[in-house]
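Per-entry structural report
Chain by chain, the residues run as shown.
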Amino acid sequence: MSPSLYVHIPFCLKRCIYCDFVSGIYDPEKAKTYIEALKKEISRIPDGKPLSTLFIGGGTPTALSAEVLTDLIKYIFNRFEFAHDFLINPPFPPFTEGGSELTIEANPGTVDMDKLKAVRLGGINRISIGVQSFNDDELSFLGRIHTSKEAEQVVHLARDAGFENIGIDLIYGIPGQTLERWKMTLDKAVTLRPQHISTYELTVEERTELYEYLKNPSLIPPLSKGGDMGVTICRRAKPGGNTLPPEDMIIEMYEHAIDYLTSKGYVHYEISNFALPCYSCSHNINYWDRGEYYGVGLGAHSFIAGSRFHNTDNLDEYLDLISKNKNAVKGSESINSDMALSEAIFLGLRKTEGLTLKTLSDRYERDISRHYKKELEELMDAGLIEFSYSNGLRNSSN
Ligand code: SF4
């Protein structure tokens, strides 16, 4: 299969309290320099097969101006051929199965109709909107720069701008969140009928504000209105508590998401992901299938020809290395056949369809029922996986 391309935009208008992604505060001048470096890095990707998918993620790609974004998108499309040339049928071709999926991530606090139209007309045919919650208290606690109403409006705007493949991301397990509130968020999401819904459990990473707040709730700052970069920042209210919901409630939230979304026609195709039929995210499926991908930009990861490598996550170092025509790669790892098989199993088990023995043995030339006999038996005894010679391997919790 053709490789896919991930392009990282490491800028946000403001840091969310739970975030440990490679991203800093947006600075237009720095962003301009970064985009030029990014183009240089993109130009060095060897010519080869057409790419299968594109994902412009971050950070907040839509923190960039419409002009900078469309210039970058144009550069990418001039540089690469994609498996299906959707540009032959502008301005708004229907999303077609088998066509290239070309995604941009968007923060609802950074887009308007002009930017959405510019991106759509530039050729991007899928948008992934970071809604996170339809509850304003939860949004402000998380440090998001938008309200629930604004997020809802952006879903409508994206549709009006011509996006026929819209995804939204939601978070559960927020301190103070109740099952009822989570149900309301899911309800609202379904009402908007996006093609794709991702539901992520809030994870507390060290070196984040959230980690510090949970250790010491008195650190939660008071109301602020207006803030960095002129965006309106709501009160960082605690929606009802300073501790994470108990484990059994988090499990209930997860199980409710599965029951509710599948009852509304969404296919649960991966641990955290749901899609209307034919709208699963091809870019992410390529990761879980151990397909090849190029990652460009700060901290971006690649997997090509059996090697995994990643760029530096220090912006100044990245800009310096690229300006000197040097490689920005900071670490790499060659994957041997044992590692490849292990990766195939743990990544493949993320998908609800699981893995077939034939696929594994054809690709990795190994009989896994013999190779991993002991491990499989232990996992089956613990009720964590289902395994049969005819159906292959499945994660029991999916
Ligand atoms: S918008 Fe996304 S990338 Fe930026 S700080 Fe928030 S969670 Fe992190």
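Here the structure, examined in full by the defined rule, presents nine aromatic pairs. Ring centres of Tyr172 and Trp182 lie 5.2 Å apart, and the angle between their planes is 40°; on these two criteria the pair is classed as tilted. Of the two residues, Tyr172 is situated in strand β7 (residues 166-172) and Trp182 in helix α6 (residues 179-192); the sequence distance between them amounts to ten residues. There is no split in this pair, since Tyr172 and Trp182 are both buried. By way of ring pairs, the aromatic residues Phe11, Tyr26, Tyr34 and Tyr318 are connected into one cluster. Looking at Arg120, its charged tip hangs above the ring of Phe163, at a distance of 5.8 Å from the centre. Above the plane of the ring of Phe303 lies Arg308, whose end atom (NZ or CZ) is 4.0 Å from the centre.

This paragraph deals with helix α8 (residues 247-263). For α8, built from 17 residues, the straight-helix expectation of 24 Å at 1.5 Å per residue is met to within 8% by its first-to-last C-alpha distance of 24 Å. All buried positions along α8 are accounted for by Ile250, Met253, Tyr254, His256, Ala257, Ile258, Tyr260 and Leu261. In this structure, the buried residues of α8 make contact with β7, α6, β8 (196-201), β9 (267-270) and β10 (273-275). Just downstream of α8, Gly265 is the residue with a positive phi angle, here 95°.

A few words now on helix α2 (residues 66-79). Helix length check: α2, at 14 residues, gives a terminal C-alpha distance of 20 Å against a target of 20 Å (1.5 Å per residue), a fit within 8%. Residues Ala66, Leu69, Leu72, Ile73, Ile76 and Phe77 constitute the buried set of α2. Burial along α2 is one-sided: seen end-on, the buried residues are contained in an arc of 135°. With respect to the buried face of α2, the exposed residues turned more than 90 degrees away are Glu67, Lys74 and Asn78. Taken together, the buried residues of α2 touch β1 (4-9), α1 (28-43), β4 (53-58), β5 (101-106) and α3 (113-121).

A word on the nonpolar core. Among the nonpolar cores identified, the biggest contains 79 residues, and Leu5, Val7, Leu38, Leu54, Ile76 and Ile124 are the most heavily contacted of them. Ranked by residue count, the leading element in this core is α8, at seven residues. Of all hydrophobic cores here, the second largest spans 18 residues; its members include Leu357, Tyr364, Tyr372 and Leu376.

A contiguous patch of negative charge on the surface is contributed by Glu201, Glu247, Asp248, Glu252, Glu255 and Asp259. Sorting elements by how many residues they give to the negative patch places α8 first, with five residues. Structurally, the position occupied by Asp259 is in helix α8. Accessibility expressed as a relative area gives 53% for Asp259, which makes it exposed.

Further remarks concern the pattern of salt bridges. Side-chain pairing between opposite charges can occur once the charged atoms of the two side chains come close. Under the defined criterion, the tally for this structure stands at 21 salt bridges. A salt bridge links Arg181 to Glu138; the shortest N-O distance between them is 3.9 Å. Here Glu138 lies in helix α4 (residues 136-142) and Arg181 lies in helix α6, a separation of 43 residues in the sequence. Glu343 is paired through a salt bridge with Arg290; the nearest N and O atoms lie 2.7 Å apart. Here Arg290 lies in the loop between α9 (282-288) and β11 (293-296) and Glu343 lies in helix α11 (residues 337-348), a separation of 53 residues in the sequence.

Criteria and cut-off values
Residues numbered from 1 in each chain as written. Predicted model: local features only at pLDDT ≥ 70, side-chain atom pairs only at ≥ 80, totals over all residues. Heavy atoms only, no water. Phe/Tyr/Trp six-rings, centres within 6.5 Å; stacked < 30°, edge-to-face > 60°. Helix = DSSP H or I, 4+ residues; strand = E, 2+ residues; numbered from the N terminus. Buried < 20%, exposed > 50% of the residue type's maximum accessible area, 1.4 Å probe, protein only. Lys NZ or Arg CZ within 6 Å of the ring centre and 35° of its normal. Expected span 1.5 Å × (residues − 1). Contact = heavy atoms within 4.5 Å. Arc of directions from axis to C-beta. Core = buried A, V, L, I, M, F, W, Y, C linked by side-chain atoms within 4.5 Å. Patch = residues over 30% accessible without salt bridge, like charges linked within 9 Å, V, L, I, M, F, W, Y side chains within 5 Å. Areas by Shrake-Rupley, 256 points an atom, 1.4 Å probe, with all protein chains shown as cover. Salt bridge = Lys/Arg side-chain N within 4 Å of Asp/Glu carboxyl O. Lys, Arg positive; Asp, Glu negative; His and termini not counted. Charge placed at Lys NZ, Arg CZ, Asp CG, Glu CD.

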